[in-house]
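# Summary of structural features
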Amino acid sequence: MKASPQHIELRSSPHYRAPDTVDVIMRNVVYALLPVCVFAVYLFGLSALALLVVCVAVCVGTEHLFCVWAGKRSTVGDWSVVITGLLLALTLPPAFPLWMAAVSAFFGVAVGKIFFGGLGYNVMNPALVGRAFAQAAFTLPMTTWSPPRAPGRFTEFIPSTLTRPFMEPVSIDQWLDRVVPDGFAGATPLALMKFAQTPTDLMPLMVGTIPGCAGETSALLIFICGLYLIFRKMMDGRITFSILLTAFLLSGLFYWVNPDVYPDPLFTLFSGGLMLGAVFMATDMVASPETRLGVWVYGILIGVLVVIIRLFGGLPEGVMYAILLGNAASPLISRVTQPRIYGAAGKKRKKKENNAS
Amino acid sequence: MDHDSLMFIFLNALLINNLVLALFLGLCPFVGVSSKINTAWPMGLAVIVVMLVASVCAYGINILLVHFEIEYLRLISYIAVIASAVQLVEMTIKKFSPTLFRLLGIYLPLITTNCAILGMALFQTFDEYSFTQSLAYSLGAGGGFMLALVLMAGLRERLELANVPDVATSAAIAFMLAGLLSLAFMGFAGLGG
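On a predicted model such as this, the values are computed, not experimentally measured, just so you know. (Residues numbered from 1 in each chain as written. Chains lettered and ligands numbered in written order. Predicted model: local features only at pLDDT ≥ 70, side-chain atom pairs only at ≥ 80, totals over all residues. Heavy atoms only, no water.)

## Side note on empty space enclosed by the protein
All names here are of chain A. The condition that has to hold: A pocket, in this scheme, is an open set of points on a 1 Å grid over the protein atoms alone with protein on both sides within 12 Å along at least 5 of 7 lines, while a cavity is a set where a 1.4 Å probe fits but cannot get out; residues line either one if an atom lies within 4 Å of a point. Grid points are joined across faces, edges and corners, and a volume is the space filled by probe spheres set on the points. Segments assigned H or I by DSSP are reported as helices when at least four residues long, segments assigned E as strands when at least two residues long, and all are numbered from the N terminus.
What the rule picks out here adds up to three cavities of 30 Å³ or more. In this model, the largest cavity occupies a volume close to 320 Å³. Where the lining of the largest cavity is concerned, the elements lending two or more residues are α1 (22–44), α3 (80–90), α5 (126–137) and α13 (274–281). Top contributing element to the lining of the largest cavity by residue count: α3, with four residues.

## As for the packing of α1 of chain A against helix α10 (residues 219–231) of chain A
Residues and elements named next belong to chain A. Definition in use: Here an axis means a line fitted to C-alpha atoms, over the contact stretch when the element is a helix, while the angle between two N-to-C directions is reported on a 0 to 180 degree scale. Roughly parallel means an angle under 35 degrees; roughly antiparallel, over 145; roughly perpendicular, 65 to 115; everything else is oblique. For a crossing to be left-handed, the near helix must be turned anticlockwise from the far one by less than a right angle; the clockwise case is right-handed. By definition in these notes, contact holds between two residues if any of their heavy atoms fall within 4.5 Å. Note on residue categories: nonpolar means Ala, Val, Leu, Ile, Met, Phe, Trp, Tyr, Cys or Pro, charged means Asp, Glu, Lys or Arg, and polar means any other residue, Gly included.
One way to put it is that α1 packs onto α10 with a least axis distance of 9 Å and a crossing angle of 165°. By the angle class used here, α1 and α10 are roughly antiparallel. Between α1 and α10 lies a crossing of right-handed hand. Residues Asn28, Val29, Ala32, Pro35, Val36 and Phe39 of α1 lie in contact with α10, whose contacting residues are Leu221, Ile222, Cys225, Tyr228 and Leu229. Class assignment of the residues belonging to the contact of α1 with α10 gives a composition of 10 nonpolar, one polar and no charged.

## What to know about the domain arrangement of chain A
Residue and element names in this part refer to chain A. Defined as follows: Source of the domain bounds: an automatic or database domain assignment. Put simply, buried area is the surface a 1.4 Å probe can reach on two separate parts but cannot reach once they are joined, added for both. We define a polar contact as two N or O atoms separated by no more than 3.5 Å, with the added condition that, inside protein, one atom must be a possible hydrogen donor and the other a possible acceptor, whereas residues neighbouring each other in sequence contribute only through side-chain atom pairs.
You can read the domains of chain A as domain 1 (22–144 + 146–185) and domain 2 (188–338). Relative to domain 2, the C-alpha centre of domain 1 lies at a distance of 21 Å. Tallying the contact residues gives 36 residues for domain 1 and 33 residues for domain 2. Contact with domain 2 buries area across many residues of domain 1, yet Asn28, Val36 and Leu128 alone supply 17% of it, more than any other trio. Counting across the domain 1 and domain 2 interface gives seven residue pairs in polar contact (both at pLDDT 80 or more). Of all the elements in the fold, those that place two or more residues in the side of domain 1 that touches domain 2 are α1, α3 and α5. For the side of domain 1 that touches domain 2, the element with the most residues is α1, which contributes 12 residues.

## So, the environment of Val53 of chain B
Residue and element names in this part refer to chain B. Short version of the rule: Categorising residues by exposure relies on relative accessible area from a 1.4 Å probe, with only protein chains included: less than 20% of the type maximum marks a residue as buried, more than 50% marks it as exposed, and the intermediate range marks it as partly exposed.
Mapped onto the fold, Val53 is located in helix α3 (residues 37–67). Take Val53: its relative accessible area is 30%, and that puts it in the partly exposed class. Each C-alpha atom of the pair Val53 and Ile82 lies 8.0 Å from the other, and the pair is 29 residues apart in sequence.

## Quick notes on the layout of surface pockets
Residue and element names in this part refer to chain A. Approximately 380 Å³ is the volume attributed to the largest pocket. Lining the largest pocket are 26 residues; nearest its centre among them are Thr143, Trp145, Thr188, Pro316 and Glu317. A total of four residues in the lining of the largest pocket trace back to one element, the largest contributor, which is helix α8 (residues 189–196). Of the residues in the lining of the largest pocket, the class split is 15 nonpolar, eight polar and three charged. When its volume is computed, the second largest pocket comes out at roughly 280 Å³. Lining the second largest pocket are 16 residues, with Phe66, Cys67, Ala70, Lys72 and Ile114 positioned closest to its centre. Taken together, the residues of the lining of the second largest pocket break down into nine nonpolar, four polar and three charged.

## Observations concerning a nonpolar patch on the surface
Residues and elements named next belong to chain A. Applied cut-off: Patch members must show over 30% relative accessible area and no salt bridge, and they are joined within 9 Å when carrying like charges or within 5 Å when they are nonpolar side chains of Val, Leu, Ile, Met, Phe, Trp or Tyr. The protein chains shown are the only cover counted for residues, whose accessible areas, like all others here, come from Shrake-Rupley with a 1.4 Å probe. Criterion for a salt bridge: a side-chain nitrogen of Lys or Arg within 4 Å of a carboxyl oxygen of Asp or Glu.
A cluster of nonpolar side chains, namely Leu202, Phe241, Leu245, Phe248, Leu249, Leu266, Trp296 and Ile300, defines an oily patch on the protein surface of about 660 Å² accessible area. Every element with two or more residues in the nonpolar patch is listed here: α11 (237–257) and α14 (292–312). Within the element layout of this structure, Ile300 appears in helix α14. Overall, Ile300 belongs to the partly exposed group, its relative accessible area being 40%.

## Details of the packing of aromatic side chains
All names here are of chain A. Applicable threshold: The pairing test for Phe, Tyr and Trp rings, Trp by its six-membered ring, is centres within 6.5 Å, and the orientation test on the planes gives stacked under 30 degrees, edge-to-face over 60, and tilted for anything in between. Each ring is checked for a lysine NZ or an arginine CZ that lies within 6 Å of its centre and within 35 degrees of its normal; such an atom marks a charge sitting over the ring.
A complete count under the given rule lists 16 aromatic pairs over all chains for this structure. When the centroid spacing of 5.6 Å and the interplanar angle of 75° are considered together, the rings of Trp99 and Phe138 count as edge-to-face. Of this pair, Trp99 sits in helix α4 (residues 98–112) while Phe138 is found in the loop between α5 and α6 (139–142), placing the two residues 39 residues apart along the sequence. In this structure, Trp99 and Phe138 share a single accessibility class: buried. Geometrically, the ring pair formed by Phe254 and Tyr262 is tilted, given 5.3 Å between the ring centres and 55° between the ring planes. The pair Phe254 / Tyr262 is uniform in exposure class, with both members buried. Connected via pairs of aromatic rings, a cluster forms that spans Phe96, Trp99, Phe107, Phe133, Phe138 and Phe166. Just above the ring of Tyr42 sits the side chain of Arg153; from NZ or CZ to the centre is 5.1 Å.

## Quick word on the packing of α5 of chain A against helix α15 (residues 319–336) of chain A
All names here are of chain A. Running from N to C, α5 and α15 point in directions that differ by 130°, and their axes come no closer than 10 Å. One element, α5, and the other, α15, form an angle in the oblique class. As for the relative orientation of α5 and α15, their crossing is left-handed in sense. Note on element contacts: α15 touches α5 through Met320, Tyr321, Ile323 and Leu324, opposite Leu128, Val129, Arg131, Ala132 and Gln135. Partitioning the contact of α5 with α15 into residue classes produces seven nonpolar, one polar and one charged.

Pasting the structure below:
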């Protein structure tokens, strides 16, 4: 009997797939983060580069190690852990000792992601878990800032970067005196505003030539990179938009009440890590709510928390904590904002029917 | 913000010095009842009620103790007050919602030994709060307990189907989540100056 030339192929649904798989999206997020990384290296030189390399290497290594340990296929290939490493490095101060960065990266991936079952189950953004750990464990280095565009930054490290493992960071005062002879305030615009009531001009804030965490300084660049992802529909623009809008309106309200004490809303929008957080961190697909309404509630919650912690908290910056709290609340938000199934009776109607019968 | 204002005392107990997430009190019911939202929030309400009753009684008793100069009886008298408040709540819940009573199980009578409540009563005495301040404090403390419980329950329900490694199942994952929540709550430190 001759084999039939025509094959019948049986396939179950879905028959039409979108081309976006997890690793395609994650790779695009990495592409979108690259300009921010390049700018961080331009501003802070070798130290920022080393920070990026160490964080990414430790994050990828940790995930790979745990996967091998558990006898599973390594999930490093989905690129999500690379994003974690990049984001963590971008939110650390450029003079942060490398060994501390490595410990934080390990903690973020191990405790923030692997222990919950890996990608898709992490309850909070792993990069922020790592950073929160660093903030709690290494308070002083987390608030030691270095000047942007220091001379000789491409040929030498900031001294504290190369602190030997498990040692206290080397003081950078001598180095500071050498590279910035006219003196360096050693504070971010947010800290200046909070503790000295000194505002910073809008232009440097937007371009990013200010001291701060390695990758958070240039609000404009981050925003443009975020737009790329939003237009490719690889990121939820509603979260970013609702956070920024809420932060702008709420801080505007305080500014309107008392402009002498509170910073103006544009300052709030472009200073600190708000832009980086709103664009790249709060939009973590796993740790944000799923429902349409929930996304807005989540954004508004984060926006409100950012402004409250910044204006009334003990710390000058609250974006990280606001996003972590938003992540923690997101299962609840999803639950409360479940959409009504089409055709199903709502609560009101059910009550009416009960009354009628 | 003024540190004696009711608003500050309330927020302090609710967020900044959250009994569970900042002072690590009452972890037993926190881990025990937080696996389902449907039991977490009634438990939170029960704790709020017990705290309010205990706070009022503790305030009254403390005046007596100070008057007769028998402050060394404070601990035992507070525990007695809390135990009777728990009995009241227990009877009420048993009467109005037997299902909930069964769901909460042992954790309902265990509120008696919940150190969060005793801690609340002792803190309000040590900080020499007035009557209204005590009420604000106990309301905030109870609300904080409920907030932590409900947040935790939401996270744990989400993780129910997660591919959690064997070393990190049930209580281990609960404690790790509690740690992460506690890290997040550090953001409230120093709120209100």
